[in-house]
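Structural description and commentary
One-letter residues, chain by chain:
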Amino acid sequence: MANPVLVVEKLRIEFPQRRRTLVAVDDVSFAIERGEVVGVVGESGAGKSLTGAAIIGLLRAPGRIAAGRIWIDGRRVDNLDPAAMRRVRGRVVGAIFQDPMTSLNPLFTVGQQLVETIRTHLPLDRAAARDRAVALLAEVGIPAPGQRFDQYPHQFSGGMRQRVVIALALCAEPKLIIADEPTTALDVSIQAQIVALLKRLCQDHGTAVMLVTHDMGVIAETADRVAVMYTGRIVELGRVAEVIGTPRHPYAAGLMASIPTIDRRQERLFQIDGAMPPLAAIPAGCPFHPRCPRAIARCREERPDLARAGAHLVACWLPLGPPS
Amino acid sequence: MGAPPSPPPALRRPPGARLRALWAAFLEDDLVHEFRHSPVAILGFALAAGLILAALLAPLIAPHDPYDPAGIDLMNGLLPPFWEEGGRLVFPLGTDNQGRDVLSGILYGLRLSLAISCAAVALSAVAGTALGLLAAWTGGWVDAVIMRLADIQLSFPAILVAMLVDGIARASLPPSEHAALAMPIVIVAIGISGWVQYARTVRSIAIVEKGKDYVEAARLIGLPAVLIVPRHVLPNTTGAILVIATVHLATAILTEATLSFLGLGMPPTEPSIGTLIRIGNDFLFSGEWWITILPGVTLALLVLSVNLVGDWLRDALNPQLR
Amino acid sequence: MIGFIVSRILQSALVMLVVGLIAFALFNYVGDPVNNMLGPSATSAERARLHAELGLDRPFLVQYGDFIVRAVQGNFGLSYQYARPVIDIVAERLPATVELSLAAVFLALALGIPMGIYTGIRPSAPLARVLMGLSLVGISLPTFFTGIVLIVLFAIVLKWLPPFGRGEVVAVGWWSTGLLTLSGLKALILPAITLCLFQMTLIMRLVRSAMLEIMRTDYIRFAMARGLRMSSVHFRHALKNTLVPVVTITGLQMGSIIAFAVITETVFQWPGLGLLFIQALGFGDIPVMAAYLVFVSLMFVAINLLVDLLYFVIDPRLRTGGG
């Protein structure tokens, strides 16, 4: 498993404010192997989207990478100058955003946007770029791609637009795609199609995916491994089947128990008491302790680091054991 | 006399400390903090406050009374400011052709310009807000007519609308009455030209509020609009109205000055800043620059300071628009 | 699309009818043409006869219709002030105003748009801050005062440029142009700068805020995430999207320029329509006022129509309807 496509090491993202600095992401480390799909789950505000934005170098000011290092395809990128990072984006790492209705420029045809992206990164002439664009549209499942090529985004439905967005992300055969909530804005009936498409395409092209979502169902269907984030930190990291089957962190356990399943008949879905604290009010010790049913004195004082527990990594002083 | 009743606990701390605590909390407020850290806003605010204060106190601080014919001596005509050769400290900024003190003229003119502009802004704000609320609340054809009217007026520049209203009033009144009515005419002309922006903004905010659950609930339990609108809808529009009014005040001052400069606003017997510039314009080529340039600079400073405050206010109330 | 244009033309016609009504009301009720033609010493019999001769005893709608018909033919009657047909005076004054306004519009756009783009792309650069500061001064300076200061500086102190008038003009058919002589061009410089300054700062500030807003959109972020060159992101993707608000504003600004031309022409004694209008306001010359009102409204309506057509060129969502 040498030479992973993405390595993130002790990433820390800060937002300087008037009187203090908020730490939105802290001590986040993980790697993604070639062709692997890694899910990142957590509530909104847990820092998962920010981590994705930091990787592609598009953190919005005043947010900034305060510490840590990032390598994409073996190349350190967190300290690249903007022009060099620009060449990495699209070529080595692609991105898919949440809302396909707003991701496409309304004043350019789908074809113009594809051809421009292709020709920015690949040495193709106009005709060859057009052929490639039409082939990509066909590959993402858009019917009559030759005609659709000359249409504007508003002539596509939401699901079709997200297919175009995926085609745009794949234009220059990047080795990694950061997919930030790619299905959240779509109709439920279309979500499954898009997830299946993304998974198939990335398998075909050997593209690794960092799949950011709050939907455990999407992770369960798509990802190889999953990282669970809480208040800017990874609290559990492991293979999807194991994390879902035998979660070790009490927060992850609560999250898994809240997935509705067909075979498990429940009176009502499980729910974790309380809410994730805002960044300005993260408690000392384990940030989850006020909501944790198993909290002990140590949890209130010392922050646990990610450590091996069984087959996963868990940040908890008192991880749950495997079911007996 | 028995012992005085002990004050309630909250008042027991020395008043100085309580005031200091209040002051500290005030300084920590976001709006105030923005203000304290924006030298431009402080400058604008100080300038505006200074000019407004000078205008209010004009009768007290002006060295002469420009409306008093007894105090005017033609022999003192066209004196330059005191730092130029021939200037006299009695007339610090010089005199005009009739011997009126320029500084006093500016102070009184400022007062008049501000009074007219504030009245016009108030007129626009009240009329625009009322029409906006009416359009949002009733909807239907009332809404359609009001907004259509707004569209049409918006395609005509405000200054032209003001000129036209003023011109019509001028043409339909005999000259004797016109002089007496000059001020109300200018106020109405500027007021009519400015209501559209208030109406549009208030309407769009009110429509959003109208759709909210609590307003819906208030309507469902049968509260009349006269109770709901002022209590629940109007307060949500105050921020926007404040920003518009500040920017509009700057425009209104400019419009008044422009009308007066063109000879359509205030007459020379009751000169606003614009009238002073108009009077002085005739003396540019003979070298008496102070009669027109000094009122002009005062006017520009006043408008600039109001614009600075308006700009800051908009940024502070709308942080994402920076 | 054709339906949209037809409806816009109908709306414009409606606006013109309303404006015509105001002009007609001015003409007939404010101005009292009988009084103006006969003077105060006329007998009431004379008045009544003229009243009937002018058709003022006919029903309101008939008179209004008659006014519209005459206005369409360009017949606005005689000016009280000059005792000549209003339309002749307007035709004489038109070239001066058109040349001044076009020069100002050109300057305002050619300078305002690039400055707006720059300050929108680099909002915290030192030069952008300086420009924003200056722009606030620009919108705070009354147009007439700008003109006065320029006259003092360049005409009185430096004596480089003429302080007023239009210089030498050359007749090209019925159009008298000042663009073909050196003195005409020199005379144009100060008024054009005066007229454009306010509009230029306004355009710059509006382009800037449109640019800032668009740079925050998802599609710009996605364009950056695809690694497109920043020049393309700024000047292709963002700029084209700012065009919609910019075209709207430019249309409105052209209306403003016509209005502010009145002020500029007064300051520089520029022999255009604006000066004519101001003199008419002062004199109570109702036919000239009415003609100016109709004429200016016609320009505004034409500009608005042009703006609507430009939307079609820019925005495909309007061209093809929803998908």
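Report on the accompanying structure.

Analysis parameters
- Residues numbered from 1 in each chain as written.
- Chains lettered and ligands numbered in written order.
- Predicted model: local features only at pLDDT ≥ 70, side-chain atom pairs only at ≥ 80, totals over all residues.
- Helix = DSSP H or I, 4+ residues; strand = E, 2+ residues; numbered from the N terminus.
- Buried ≥ 20, exposed ≤ 12 C-beta atoms within 10 Å, placed from the backbone.
- Contact = placed C-beta atoms within 7 Å.
- Core = buried A, V, L, I, M, F, W, Y, C linked by C-beta atoms within 7 Å.
- Nonpolar A, V, L, I, M, F, W, Y, C, P; charged D, E, K, R; others polar.
- Pairing = 2+ DSSP bridges.
- Right-handed = clockwise from strand over helix to strand, strands pointing away.
- Expected span 1.5 Å × (residues − 1).
- Axes fitted to C-alpha atoms, helices over the stretch in contact; angles between N-to-C directions.

With that settled, the discussion passes to the overall build of chain C. Regarding its fold elements, chain C presents 13 helices and 2 strands. Taken along the three principal axes of its C-alpha coordinates, chain C extends 85 × 60 × 35 Å. The proportion of buried residues among the 323 residues of chain C is 43%. The contacts of chain C with a sequence gap of at least 6 include a subset with a gap of at least 24, amounting to 71%.

This paragraph deals with the nonpolar core. Membership of the largest hydrophobic core comes to 261 residues, with the highest contact counts inside it found for Leu176(A), Met210(A), Leu211(A), Val228(A), Ile234(A), Met289(C) and Tyr292(C). No other element matches helix 8 (residues 182-215) of chain C, which puts 17 residues into this core. Beyond its immediate sequence surroundings of up to four residues, Val228(A) is in contact with Val41(A), Gly42(A), Ile234(A), Val235(A), Glu236(A), His249(A), Tyr251(A), Ala252(A) and Leu255(A).

Moving on to unusual backbone geometry. You will see that Glu173(A), though not glycine, has its phi angle at about 50 degrees, which is positive. Here Glu173(A) shows up in the loop between helix 7 (158-170) and strand 7 (176-180). Even without being glycine, Lys159(C) reaches a positive phi, approximately 55 degrees. Tracing the backbone shows Lys159(C) in the loop between helix 7 (143-157) and strand 1 (170-172). With 9 C-beta atoms counted inside 10 Å, the residue Lys159(C) sits in the exposed group.

Now for the environment of Arg221(C). When you line up the elements, Arg221(C) lands in helix 9 (residues 218-225). A residue is classified by how many C-beta atoms lie within 10 Å of it, and Arg221(C), with 20 of them, is buried. Sequence separation between Arg221(C) and Val170(C) is 51 residues, and the spatial gap between their C-alpha atoms is 54 Å. The residues touching Arg221(C), leaving out its near neighbours within four places in the chain, are Leu58(A) and Phe97(A).

Attention now moves to the interface of chain C and chain B. On the side of chain B, 35 residues touch chain C, which itself brings 31 residues to the contact. Contributions of two or more residues to the side of chain C that touches chain B are made by helix 1 (2-30), helix 6 (126-140), helix 7, helix 10 (230-268), helix 11 (273-283) and helix 12 (286-314) of chain C. When the residues that make up the side of chain C that touches chain B are grouped by side-chain class, the tally is 23 nonpolar, 8 polar and no charged.

Once that is clear, we can look at the pairing of strand 7 of chain A. Residue and element names in this part refer to chain A. For strand 7, a buried count of 5 out of 5 residues is recorded, marking the element as mostly surrounded by other parts of the structure. Residues Leu176, Ile178 and Asp180 line one face of strand 7 and the alternating positions Ile177 and Ala179 line the opposite face, and both faces are buried. Direction of pairing for strand 6 (residues 93-96) relative to strand 7: parallel, over a ladder of 4 bridges. Directly across from Ile96, in strand 7, lies its bridge partner Ala179. Crossover handedness for the path strand 7 to helix 8 (residues 188-205) to strand 8 (residues 208-213): right-handed.

Moving on: helix 4 (residues 60-72) of chain C. Each α-helix winds once per 3.6 residues, and so residues spaced three or four apart point in a common direction. Along its 13 residues, helix 4 of chain C runs 18 Å from first to last C-alpha, staying within 8% of the 18 Å computed at 1.5 Å per residue. At the C-terminal side of helix 4 of chain C, Gly74(C) shows a positive phi close to 80 degrees.

Residues and elements named next belong to chain A. Spatially, the 8 strands line up as an open sheet ordered 6-7-8-3-9-10-12-11, and their pairing is mixed. Edge strands, defined here as strands with exactly one partner in the open sheet, are strand 6 and strand 11 (307-309). For this sheet, the mean inter-axis angle between neighbouring strands, taken without regard to orientation, is 20 degrees.

Residues and elements named next belong to chain A. The 4 strands are arranged 2-1-4-5 in an open sheet whose pairing can be described as antiparallel. Bordering the open sheet on either side are strand 2 (21-32) and strand 5 (75-76), each of which pairs with just one other strand. Across 2 bridges, strand 4 (residues 64-72) lies against strand 5 in antiparallel orientation. Note that in strand 5 the partner of Ile72 across the bridge is Arg75. Sheet contacts for helix 1 (residues 48-55): strand 1 (6-16), strand 2 and strand 4; angle to strand 1, the most-contacted strand, approximately 110 degrees.

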